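# Descriptive structure summary
If you want the building blocks of each chain, they are given just below.
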Amino acid sequence: SAAQKGWMTAIIRTAGGIRRGTGNRQMGNSDTIELLEAGPGVWDAFVDLMGPKQGGSGGCWCMLWRLDRKSFDAGKGEGNRDALKALFETDPPGLLAFDGDKAVGWCAIAPRPAYPYLDRSRLFKPLDDIPVWSVSCLTIAKSHRRQGLSVKLLDGAADFVQRRGGPAVEGYPVDPKVPNYPAVYAWTGLAAAFRRAGYQEVARPSETRPIMRRMLT
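Residues numbered from 1 in each chain as written. Predicted model: local features only at pLDDT ≥ 70, side-chain atom pairs only at ≥ 80, totals over all residues. Heavy atoms only, no water.

The alternating pattern of strand β7 (residues 168-171) places Ala-168 and Glu-170 on one face and Val-169 and Gly-171 on the opposite face, and all of these are buried. Pairing analysis gives 3 bridges linking strand β6 (residues 133-140) to β7, with the strands arranged parallel. Paired with Val-135 across the strands is Gly-171, a residue of β7. Relative to strand β9 (residues 209-215), β7 is paired through 4 bridges, and the arrangement is antiparallel. (Buried < 20%, exposed > 50% of the residue type's maximum accessible area, 1.4 Å probe, protein only. Helix = DSSP H or I, 4+ residues; strand = E, 2+ residues; numbered from the N terminus. Pairing = 2+ DSSP bridges.)

Inspection of the secondary structure puts Glu-37 in strand β3 (residues 33-37). At 2.4 Å, the side chain of Glu-37 and the side chain of Arg-163 are in polar contact. (Polar contact = N/O pair within 3.5 Å; in protein donor to acceptor, adjacent residues only side chain to side chain.)

Here helix α2 (residues 43-50) crosses helix α4 (residues 78-90) at 140°, and the two axes come no closer than 11 Å. The angle between the axes of α2 and α4 places the two elements in the oblique class. Seen along the crossing, α2 lies across α4 with a hand that is right-handed. Here Trp-43, Phe-46 and Val-47 of α2 come into contact with α4, specifically with Arg-81, Leu-84, Lys-85 and Phe-88. Here the contact of α2 with α4 is composed, by residue class, of 5 nonpolar, no polar and 2 charged. (Axes fitted to C-alpha atoms, helices over the stretch in contact; angles between N-to-C directions. Parallel < 35°, antiparallel > 145°, perpendicular 65-115°, else oblique. Left-handed = near helix turned anticlockwise from the far one by under 90°. Contact = heavy atoms within 4.5 Å. Nonpolar A, V, L, I, M, F, W, Y, C, P; charged D, E, K, R; others polar.)

With that settled, the discussion passes to the pattern of salt bridges. This structure, assessed with the given rule, holds 11 salt bridges. A salt bridge links Arg-204 to Glu-201; the nearest nitrogen and oxygen atoms lie 2.9 Å apart. Given a relative accessible area of 33%, Arg-204 falls into the partly exposed group. Several salt bridges converge on common partners, so that one network encompasses Arg-112, Asp-119, Asp-128, Glu-170 and Arg-213. (Salt bridge = Lys/Arg side-chain N within 4 Å of Asp/Glu carboxyl O.)

Quick look at the side chain of Thr-188 now. Within the secondary structure layout, Thr-188 lies in the loop between β7 and α7 (191-196). A polar contact of 3.5 Å, which involves the side chain of Thr-188, links it to the side chain of Arg-209.

This part takes up the nonpolar core. One finds Phe-46, Phe-88, Leu-96, Trp-106, Leu-153 and Tyr-199 to be the most contacted residues of the largest nonpolar core, which totals 59 residues. At 8 residues, the largest contribution of residues to this core is made by helix α6 (residues 149-163). (Core = buried A, V, L, I, M, F, W, Y, C linked by side-chain atoms within 4.5 Å.)

What follows covers α2. The element α2 is extensively covered by neighbouring structure, given that 6 of its 8 residues are classed as buried. Taken as a whole, α2 has its buried residues at Trp-43, Ala-45, Phe-46, Val-47, Leu-49 and Met-50. Of the surrounding secondary structure, the elements contacted by the buried residues of α2 are α4, β4 (94-99), β5 (102-111) and β6. Taken from the residues just after α2, Gly-51 is the one with a positive phi, measuring 100°.

With that settled, the discussion passes to the pairing of β3. Within β3, 5 of the 5 residues are buried, which leaves the element mostly enclosed by the surrounding structure. Pairing of β3 with β4 involves 5 bridges; the strand directions are antiparallel. Note on β4: the bridge partner recorded for Glu-34 is Phe-98.

Moving on to unusual backbone geometry. Here Trp-61, not a glycine, exhibits a phi torsion of approximately 55°, which is positive. As for its position among the elements, Trp-61 is in the loop between α2 and α3 (69-75). The phi angle at Cys-62 is positive, at roughly 55°, despite the residue not being glycine. Counting through the fold element by element, Cys-62 comes out in the loop between α2 and α3.

The end-to-end C-alpha distance of α4 is 19 Å, a good match for the 18 Å that 13 residues give at a rise of 1.5 Å each. Those residues of α4 that fall on the buried side of the exposure criterion are Asn-80, Leu-84 and Phe-88. Down the axis of α4, the buried side of the element spans an arc of 85°, and every buried residue falls inside it. Residues Glu-78 and Thr-90 are exposed on α4 and point more than 90 degrees away from its buried face. (Expected span 1.5 Å × (residues − 1). Arc of directions from axis to C-beta.)

If you trace the backbone, Gly-105 turns up in strand β5. Given a relative accessible area of 0%, Gly-105 falls into the buried group. Along the backbone, Gly-105 and Leu-35 are 70 residues apart, and their C-alpha atoms lie at a distance of 8.9 Å. In contact with Gly-105, other than residues within four places in its own chain, are Leu-49, Leu-95, Leu-96, Ala-97, Thr-139, Ile-140, Leu-149 and Leu-153.

Structure, rendered in structure tokens:
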């Protein structure tokens, strides 16, 4: 509810850029979306967005990149859910987009070392010694797709990282060669959205998987 969100810090898009607000509903002339940092006050809304049973997909709960495969598989469902909930209560693992009191978008963000999967991946080894933050997941409610919400979340992710002193944020989106790419396979985001949010391609380890980065300093 709005009351549950009231104590949290909001990131509000205004003509002057990002400012820190109270979490109370504030709307622009045409923009009804506000971004809130993950926290205990918005956990229930996050669960509604991801699906109480699915956790996004297959009981993932945004823990696939944070755990080794054995631990992830063992925790599928409730275990992974509890692990992410603990992060909501201690260290915000991302941003939620709200339209009114309903969460309609999610962007998971953390320092790259929080995602050991990246070092295990043959595609996404570190490119340099810059201590980047990584976007690991973008989820948009069906009702709000194709409206630029991914771009708004990726822009908010840059501000989220910059406020924490991070020098750069990067993502590992899909750059499909076919139209109408299935959303279920695009959970790391689409390269076009990263480009629109000011991220630059810094590597392309495979034909359809660029690494996109936005420098913040």
